[in-house]
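Structural description and commentary
So the chains spell out like this:
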Amino acid sequence: MCTETFLRLPEEKRRRFLDAAWAEFAGARFTDVSVNQIVRRAGIPRGSFYQYFSDKEDLFAYLLEEVRNHIKEEYRRILKANGGDIFQAQLDCFDRFTAQETALDPMMKRCMNFVRNNQGLDIQKSLPTRPGQRLLDGIWDLTDLSGLRDPSPEYGRIVFCLLMAALGSACMDAMLCPEDRALHREELAAKLEIVKHGSLRIAENSETFS
């Protein structure tokens, strides 16, 4: 990750460097991303790059952390608006993260461009832990587990990770094929129903799901 030197930079200079990095990563395949282009865009000497990060992989991991923090903030806002309903929150997040490009916030637009340029790249290899686990650590206090057949935190984490896997897959597919966005949303809704019916408390003597 970044060095203390980078963290001590003035906010404006740090942001300019990160914007330059995002412009390069979002505009090319990962293998073609150039440190020379990043420093040119940022208007800094090449040597300064290595005072901030060890290599482009190190920088990319930092950018992914930026994305994770952004998604956590958005997810927390959406979950709070839904009263802690983790099932509805997944659909609302899908709508937020895969909106028409004109409605996307800058962070998600960068992510969408990167994904489209790097089909097949295993991004999770650059993450220190599973995304669902890291995200849950930041929104646990807002999550309503009372309707689950086992409301324990351990069970809730398992359900949440299943939901996040479904959401992540749907968002990735929608970013790659935006013309099929509606189809991917329907598939996500179906997966959520399967998890929901398997995890909610079932009324006594009930033989079928409503």
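The following refers to the structure shown.

Reading the values: rules and limits
- The written sequence of each chain sets the order in which its residues are numbered from 1.
- Local features are withheld for residues below a pLDDT of 70 in this predicted model, meaning they are given only at 70 or higher, and side-chain atom pairs are given and counted only at 80 or more; totals for whole chains, interfaces and linings count all residues.
- The basis for every side-chain value is the complete set of non-hydrogen atoms in the structure, without hydrogens or water.
- Helix and strand assignments come from DSSP, with helices taken as H or I runs of at least 4 residues and strands as E runs of at least 2, each series counted from the N terminus.
- Take the number of residues in a helix, subtract one, and multiply by 1.5 Å to get its expected span.
- Here's how the labels work: a residue is buried when its accessible area is under 20% of the maximum for its type, exposed when over 50%, partly exposed in between, all with a 1.4 Å probe on protein chains only.
- Note on definitions: a residue-residue contact is assigned when non-hydrogen atoms from the two residues lie within 4.5 Å.
- Stacked, edge-to-face and tilted labels apply to pairs of Phe, Tyr and Trp rings (six-membered ring for Trp) whose centres lie within 6.5 Å, assigned for plane angles under 30 degrees, over 60, and everything in between, in that order.
- Salt bridges are identified by distance alone: a Lys or Arg side-chain nitrogen within 4 Å of an Asp or Glu carboxyl oxygen.
- Working definition: the arc comes from the directions between the helix axis and the C-beta atoms, pointing outward to the latter.
- Polar contact is the term for a pair of N or O atoms within 3.5 Å; when the atoms are in protein, one must be able to donate a hydrogen and the other to accept it, and sequence-neighboring residues count only if both atoms are side-chain atoms.

With that out of the way, let us pick up helix H2 (residues 11-27). Between its terminal C-alpha atoms H2 stretches 24 Å, which fits the 24 Å expected from 17 residues at 1.5 Å a residue. Among the residues making up H2, those that are buried are Arg14, Phe17, Leu18, Ala20, Ala21, Trp22, Glu24, Phe25 and Ala26. At its buried positions, H2 is contacted by helix H1 (4-7), helix H3 (35-42), helix H4 (46-52), helix H5 (56-81) and helix H7 (106-117).

Centre distance and the angle of the planes are the two values used to describe a pair of aromatic rings. Per the stated rule, a full pass over the model turns up 15 aromatic pairs. A centroid spacing of 5.8 Å and a plane angle of 85° characterise the contact between Tyr75 and Phe160, whose relative ring orientation is edge-to-face. Remark: Phe160 occurs in helix H9 (residues 153-176) and Tyr75 occurs in helix H5; sequence separation between them is 85 residues. Phe160 gets classed as buried once you look at its relative accessible area, which sits at 1%.

Counted according to the given criterion, the structure contains twelve salt bridges. Here Arg96 and Glu74 are joined by a salt bridge, their closest N and O atoms 2.8 Å apart. Placement of Arg96 in helix H6 (residues 86-97) and of Glu74 in helix H5 is noted, with a sequence separation of 22 residues between them. One salt bridge connects Asp141 with Arg76, and the closest N-O pair in it is separated by 3.0 Å. Here the residue Asp141 occupies a position in the loop between helix H8 (131-139) and H9, and Arg76 occupies one in helix H5, the gap between them amounting to 65 residues. The exposed category is assigned to Asp141, whose relative accessible area is 56%. Several salt bridges share partner residues, and in doing so they unite Arg15, Asp19, Glu66 and Arg110 into one network.

The subject of this paragraph is H3. What H3 keeps buried is the set Val35, Ile38, Val39 and Ala42. Buried residues of H3, seen end-on, are gathered within an arc of 90° and therefore sit on one face of the element. For H3, the N-terminal cap is Ser34; the gap from its side-chain oxygen to the backbone nitrogen of Asn36 is 3.1 Å. Phi turns positive, to about 70°, at Gly43, one or two residues after H3.

Within the secondary structure, Val33 sits in the loop between H2 and H3. Sequence separation of Val33 and Lys56 is 23 residues, and the distance between their C-alpha atoms is 7.9 Å. Setting aside anything within four residues of it in sequence, one finds Val33 in contact with Glu24, Phe25, Ile38 and Lys56.

Take the environment of Asp173 next. Secondary-structure assignment places Asp173 in helix H9. Accessibility expressed as a relative area gives 29% for Asp173, which makes it partly exposed.

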